[in-house]
Amino acid sequence: MTKLWHGVLMMCALLLAAPAWSADNDYRMGTGDVLRITVYGQPDLATEARVGDSGNISFPLIGDVKMAGVTPAQGETEIAQRLSKGGFINEPFVTLNVVQYRGQQISVLGRVNRPGRHTLEKVSRVTDVLALAGGIASDGADTITLVRTRDGKPEYRDIDMIALFQPGGEASNEMVQDGDIVNVARQPMFYIYGEVQRPGAFRLERNMSVVQALSMGGGVTVRGTQKGLKIMRRNASGELQQLDASLADPVKKDDVIYVKESLF
């Protein structure tokens, strides 16, 4: 019966002490984070400590423990192993919570409403960073780039913002950490001139057709015609070509659509 109650109490302790970051268990702790550490059945070992400039904290009985650059779960394991190997506690159950996150600096560049460096005070993902930057500007691209350094090597990851907000897209909502860069490029454009109501440059939407492009330009004027449409497009070698176009044809980045005047 004693063993049964011990097991029940351990389960209760696990549930009550479930860390707030459990959904973000890939978070790697860093300098300035404040940690709360408890050992089940050992109230004298309860510790709240800030990760110092060295990346360490001081824990009773075992001394300095490296916490910068590791996850909370890894920190729990390290403390438990050292308590056990040192002969202090047999099979210790350690819980580590990050109770205060250091001011992480994330750069948000490009076509956002408030570009610059932004401070994060909690575990954050790409959508949180974009919210801090005021959201993507009207001419911002549908795909953004997350630039990070891991193990001394740069990583570049493109994130489809449209897919992110569709079912199953939450997996691409990457966690961000100190020093990461989020870049929002300008959305590709196309151009219309000739006999349209509003000639000029327009945002190129996905899978856009010529007829949709014409509608963005306000449609053909009374003097214009949908017959004989032309598209100026650069080929793979960069040369500008003039192509015949139909209303159903796809529009590509930097296309120039020309609507001519009707002869009748």
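Coordinates for the structure precede this section.
What you see is a predicted model, and the numbers here were worked out from it, not measured in a lab.

(A) Representation of the overall build of the protein chain. Scanning the protein chain from N- to C-terminus turns up five helices and 17 strands. Burial statistics for the protein chain: of 264 residues in total, 39% are counted as buried. Considering only residue pairs separated by 6 or more positions, the protein chain has 54% of its internal contacts joining residues 24 or more positions apart. Per element, the accessible surface of the protein chain, about 15,200 Å² overall, is 52% carbon and sulfur.

(B) Structural context of the sheet that holds strand β10 (residues 153–160). Reading across the sheet, the five strands line up as β7-β6-β12-β9-β10 and stay open at both edges, with mixed pairing between neighbours. Among the strands making up the open sheet, the edge pair consists of β7 (116–120) and β10. Averaged over all adjacent pairs, the angle separating strand axes in this sheet is 25°, with direction ignored. Across five bridges, the pairing between strand β6 (residues 104–110) and β7 is antiparallel. Within the sheet, the bridge partner assigned to Ile106 lies in β7 and is His118.

(C) How the structure looks around the packing of aromatic side chains. Going through the model one piece at a time under the given rule, you end up with two aromatic pairs. Taking the centre distance of 4.8 Å and the plane angle of 35° together, the rings of Tyr193 and Tyr258 count as tilted. Of the two residues, Tyr193 sits in strand β13 (residues 189–194) while Tyr258 sits in strand β17 (residues 256–259), which places them 65 residues apart along the sequence. Residue class for Tyr258 comes out partly exposed when judged on its relative accessible area of 28%.

(D) Spatial organisation of helix α2 (residues 72–85). An ideal rise of 1.5 Å per residue puts 20 Å on 14 residues; α2 measures up with 20 Å between its terminal C-alpha atoms. Three or more residues of α2 are buried, namely Pro72, Gly75, Glu76, Ile79, Ala80 and Leu83. In a view along the axis of α2, the buried residues occupy a sector of 130°, so they form one face of it. Among the structural elements, β1 (34–39), β3 (56–59), β4 (63–66) and β5 (94–100) are those in contact with the buried residues of α2. The first or second residue beyond α2 is Gly87, which carries a positive phi of 75°.

(E) Structural context of the pairing of strand β15 (residues 230–234). As paired elements, β15 and strand β16 (residues 240–244) share five bridges and run antiparallel to each other. Paired with Arg233 across the strands is Gln241, a residue of β16. Hairpin geometry of β15 and β16 is characterised by an intervening segment of five residues between the two adjacent antiparallel strands and by a positive phi of about 90° at Gly238. Where β15 lies against β17, three bridges are found, and the strand directions are antiparallel. The residue bridging Ile231 from the neighbouring strand is Ile257, located in β17.

(F) Broad picture of the nonpolar core. Judged by nonpolar contacts, the single largest core of 23 residues is most densely connected at Leu35, Ile37, Ile57, Phe59, Met67, Ile79 and Leu83. Those elements that place two or more of their residues in this core are β1, β3, α2 and β5. Aside from chain neighbours lying at most four places away, what touches Met67 is Met29, Leu35, Val51, Gly55, Asn56, Ile57, Gly75, Ile79 and Leu96. Judged by nonpolar contacts, the second largest core, of 16 residues, contains Val112, Val129, Val182 and Val184.

(G) Region of the structure containing the sheet that holds β15. If you walk across this open sheet you meet the five strands as β14-β13-β17-β15-β16, and the pairing is mixed. Looking at which strands have only one partner, the edges of the open sheet turn out to be β14 (200–203) and β16. Ignoring strand direction, the axes of neighbouring strands in this sheet form an average angle of 25°.

(H) Broad picture of the environment of Gln104. As for its position among the elements, Gln104 is in strand β6. Remark: the alpha-carbon pair of Gln104 and Leu120, spanning 16 residues in sequence, is separated by 4.9 Å. Not counting the four nearest positions on each side in its chain, Gln104 is found in contact with Tyr27, His118, Thr119, Leu120, Lys122, Gln177 and Asp178.

(I) Seen up close, the environment of Ala245. As for its placement among the helices and strands, Ala245 is situated in the loop between β16 and β17. Given a relative accessible area of 15%, Ala245 falls into the buried group. Sequence separation between Ala245 and Gln226 is 19 residues, and the spatial gap between their C-alpha atoms is 9.6 Å. Those residues in contact with Ala245 that lie beyond four places of it in its chain are Val210, Leu229 and Ile231.

Calculation criteria
Residues numbered from 1 in each chain as written. Predicted model: local features only at pLDDT ≥ 70, side-chain atom pairs only at ≥ 80, totals over all residues. Heavy atoms only, no water. Helix = DSSP H or I, 4+ residues; strand = E, 2+ residues; numbered from the N terminus. Buried < 20%, exposed > 50% of the residue type's maximum accessible area, 1.4 Å probe, protein only. Contact = heavy atoms within 4.5 Å. Areas by Shrake-Rupley, 256 points an atom, 1.4 Å probe, with all protein chains shown as cover. Pairing = 2+ DSSP bridges. Axes fitted to C-alpha atoms, helices over the stretch in contact; angles between N-to-C directions. Phe/Tyr/Trp six-rings, centres within 6.5 Å; stacked < 30°, edge-to-face > 60°. Expected span 1.5 Å × (residues − 1). Arc of directions from axis to C-beta. Core = buried A, V, L, I, M, F, W, Y, C linked by side-chain atoms within 4.5 Å.

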